[in-house]
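Here are the chains, one letter per residue:
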Amino acid sequence: TNDSQDEIYIFDVSQKTFKRITNRLGHDFCPAWSPNSKNLAFAVTDEKGNQTITVTDLKGKIIAQLGNNLPRVTEPSWSPNGKKIVYLGREID
């Protein structure tokens, strides 16, 4: 990665290995496991400054992108049944 990228990795404790989940320009941050541990939701700020919540499988395949240019998104969290995602958003002054 370079200074304009923040990526998401998974560390397998038993194998002592890292697996890169994201690989794109921009910043991927605040990952949250789905209740079934098969997907991740995380905040994204792309290279143009647009913000979304993205959901991927553990291979990094995008399943959904929620919102388009959301206001200062962070901290996505799944509902217990995995059907909804809540996030913190702040209005831009």
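Throughout what follows, the structure given in this document is the object of discussion. Predicted model only: the values in this text are computed from it and were never measured. For every chain, the first residue of the written sequence is number 1, and numbering continues from 1 onward in sequence order. With pLDDT at 70 or above as the cut-off, local features in this predicted model cover only qualifying residues; side-chain atom pairs require 80 or more to be listed or tallied, and sums for whole chains, interfaces and linings still use all residues. In computing side-chain properties, one takes all heavy atoms of the structure into account and sets aside hydrogens as well as water.

### Here's the deal with the overall build of the protein
Then comes step 1: Going along the chain from the N terminus, every DSSP run of H or I of four or more residues is numbered as a helix, and every run of E of two or more is numbered as a strand. Regarding its fold elements, the protein presents 0 helices and 9 strands.
Then comes step 2: The secondary structure elements of the protein, listed N-terminal to C-terminal, are β-β-β-β-β-β-β-β-β.
Then comes step 3: We compute the radius of gyration over the C-alpha atoms and compare it with the globule rule, which gives 2.2 Å times the number of residues raised to the power 0.38. A compact globule built from 93 residues would reach a C-alpha radius of gyration of about 12 Å, and the protein, at 13 Å, matches this within 12%.
Then comes step 4: Principal-axis analysis of the C-alpha atoms gives the protein an extent of 45 × 35 × 20 Å.
Then comes step 5: When each of the 93 residues of the protein is scored for burial, the buried share is 31%. Three labels apply to residues, based on accessible area from a 1.4 Å probe with only protein chains included: buried if under 20% of the type maximum, exposed if over 50%, partly exposed otherwise in between.

### As for the sheet that holds strand β4 (residues 26-33)
Then comes step 1: When DSSP finds two or more bridges between a pair of strands, those strands are recorded as paired. Strand order across the open sheet formed by 5 strands is β1-β4-β5-β6-β7, with mixed pairing between neighbours. Bordering the open sheet on either side are β1 (5-6) and β7 (62-66), each of which pairs with just one other strand.
Then comes step 2: Pairing between β4 and strand β5 (residues 39-45): 5 bridges, direction antiparallel. Of the residues in β5, the one forming a bridge with H27 is T45.

### A short note on the packing of aromatic side chains
Then comes step 1: Aromatic rings from Phe, Tyr and Trp, taking only the six-membered ring of Trp, are treated as a pair when their centres fall within 6.5 Å; an angle between ring planes under 30 degrees marks them as stacked, one over 60 as edge-to-face, and anything in between as tilted. By the definition in use, this model includes 2 aromatic pairs.
Then comes step 2: Residues Y9 and F18 carry aromatic rings whose centres are separated by 6.5 Å and whose planes lie at 85° to one another, so their mutual orientation is edge-to-face.
Then comes step 3: Pairing F11 with F18 gives two aromatic rings, centres 4.8 Å apart and planes at 55°, and the pair type is tilted.

### Here's the deal with a nonpolar patch on the surface
Then comes step 1: Among the surface-exposed residues, Y9, F11, V13 and F18 lie close enough to one another that they form a single nonpolar patch of about 470 Å² accessible area.
Then comes step 2: Classification of F18 as exposed rests on a relative accessible area of 64%. Like charges within 9 Å and nonpolar side chains (Val, Leu, Ile, Met, Phe, Trp, Tyr) within 5 Å are joined into patches, using only residues over 30% in relative accessible area that form no salt bridge. Per-residue accessibility takes into account occlusion by the displayed protein chains alone, with areas from the Shrake-Rupley method and a 1.4 Å probe. Only one rule defines a salt bridge in this text: a Lys or Arg side-chain nitrogen within 4 Å of an Asp or Glu carboxyl oxygen.

So, to be careful, I would describe these as geometric facts and stop short of saying anything about function.
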